[in-house]
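# Chains, contacts and geometry: an overview
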Amino acid sequence: MSLRIAEIFGPTIQGEGALIGQPTVFVRAGGCDYRCSWCDSMHAVDSRYRQDWAVMDAAGIMAEVARLSGGQPLVVSISGGNPAIQDFGPVIALGRGQGYRFACETQGSVARDWFADLALLVLSPKPPSSGQETDWVAFDACLAAAGKAERLMKIVVFDQNDLDWARAASARYPDLPLYLQPGNPETDPEKPVDPQALADRMLWLVEATVGRGWLVPRILPQLHVLIWGNRRGV
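Before going into details, it helps to say that this report is about the structure given with it. (Residues numbered from 1 in each chain as written. Predicted model: local features only at pLDDT ≥ 70, side-chain atom pairs only at ≥ 80, totals over all residues. Heavy atoms only, no water.)

### Details of the packing of helix H1 (residues 58-69) against helix H2 (residues 89-97)
What counts is decided by this rule: To get an axis, fit a line to the C-alpha atoms, keeping to the stretch in contact for a helix; angles then go from 0 to 180 degrees between the N-to-C directions. Helix and strand labels come from DSSP, where a helix needs a run of H or I of at least four residues and a strand needs a run of E of at least two; each type is numbered from the N terminus. Angular relationships are summarised with four words: roughly parallel below 35 degrees, roughly antiparallel beyond 145, roughly perpendicular across 65 to 115, and oblique for the angles in between. Whether a crossing is left-handed or right-handed is set by the direction in which the near helix is turned from the far one by less than a right angle, anticlockwise for left-handed and clockwise for right-handed. In what follows, a contact means two residues having at least one pair of non-hydrogen atoms within 4.5 Å. Each residue is assigned to one of three groups, with Ala, Val, Leu, Ile, Met, Phe, Trp, Tyr, Cys and Pro labelled nonpolar, Asp, Glu, Lys and Arg labelled charged, and all others, Gly among them, labelled polar.
Interaxial distance between H1 and H2 falls to 9 Å at its minimum, and their mutual angle equals 50°. By the criterion of interaxial angle, the relationship of H1 to H2 is oblique. When you trace H1 past H2, the crossing you get is right-handed. Of the residues in H2, those in contact with Ala 58, Ala 59, Ile 61 and Met 62 of H1 are Pro 90, Val 91, Leu 94 and Gly 95. The class makeup of the residues in the contact of H1 with H2 is 7 nonpolar, 1 polar and no charged.

### So, the pattern of salt bridges
What counts, and what does not: By definition here, a salt bridge exists when the distance from a side-chain nitrogen of Lys or Arg to a carboxyl oxygen of Asp or Glu is within 4 Å.
Within this structure, the stated rule accounts for 5 salt bridges. In this structure, the salt-bridge partner of Asp 117 is Arg 96, at a minimum N-O distance of 3.4 Å. Of this pair, Asp 117 sits in the loop between strand E5 (101-106) and strand E6 (120-123) while Arg 96 sits in helix H2, and the two are 21 residues apart along the sequence. Bridged by salt links that share partners, the residues Glu 16, Glu 105 and Lys 154 form one connected network.

### Considerations on the sheet that holds strand E8 (residues 178-182)
Defined as follows: Pairing between strands requires that DSSP locate at least two bridges from one strand to the other.
Strand order in the open sheet made by the 9 strands is E3-E1-E2-E4-E5-E6-E7-E8-E9, with mixed pairing throughout. The open sheet has two edge strands with one neighbour each: strand E3 (54-56) and strand E9 (218-219). Pairing of strand E4 (residues 75-79) with E5 involves 4 bridges; the strand directions are parallel. Each residue of the ladder has a partner; that of Ser 77, found in E5, is Ala 103. The strands that helix H4 (residues 160-172) touches are strand E7 (150-157) and E8; relative to E7, the one it contacts most, it runs at about 160°. With respect to the sheet, helix H5 (residues 195-209) is in contact with E7, E8 and E9, its orientation differing from that of E8 by roughly 140°.

Next up, the structure:
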């Protein structure tokens, strides 16, 4: 079975979520069923970039992962685009046999049986600023498909409307660990990111949550953006 792969890169550190700072190899799938207004990885989303995507099978993907990691069984993060629109089950099965652990981030719009074979499933529903609507029935199906895999919810927050939406989502899933991070409005990889502006957004988010007595979420920066900006392959 062939998969559309936008890029495979690493090892580098995971820049966000529960695995932040952990050495990771990334497998970024090509293709997505969403078109978020602030997407910073359109090269892995829009079909106009299809000519740049590689068509690879599970053995080829894991051979590249092993080459990059020097054979060390690191965490492999499957991202996109939306990796759930493709069947990564054979990749995970092959990699687990070699000692690798797999994490996957998806918006929760498509459920897959292979979610149950992950070490971590990150469900990242998109808030109102994205211009997309979350299908909570599909989201519930993703949670169920994950089985005993560790699960968490991660939401990018750009403004108060997004934050109110995140709070409602958290109330809907009170037992699901919640991670919030301030959004990065600059999506052009050719333009430098303003570290002070990102720090200001982080401070606002802390004050708007912990500072107002909402102690449920874990607040984290987009560490990779702070260090490398919007460059690909990091």
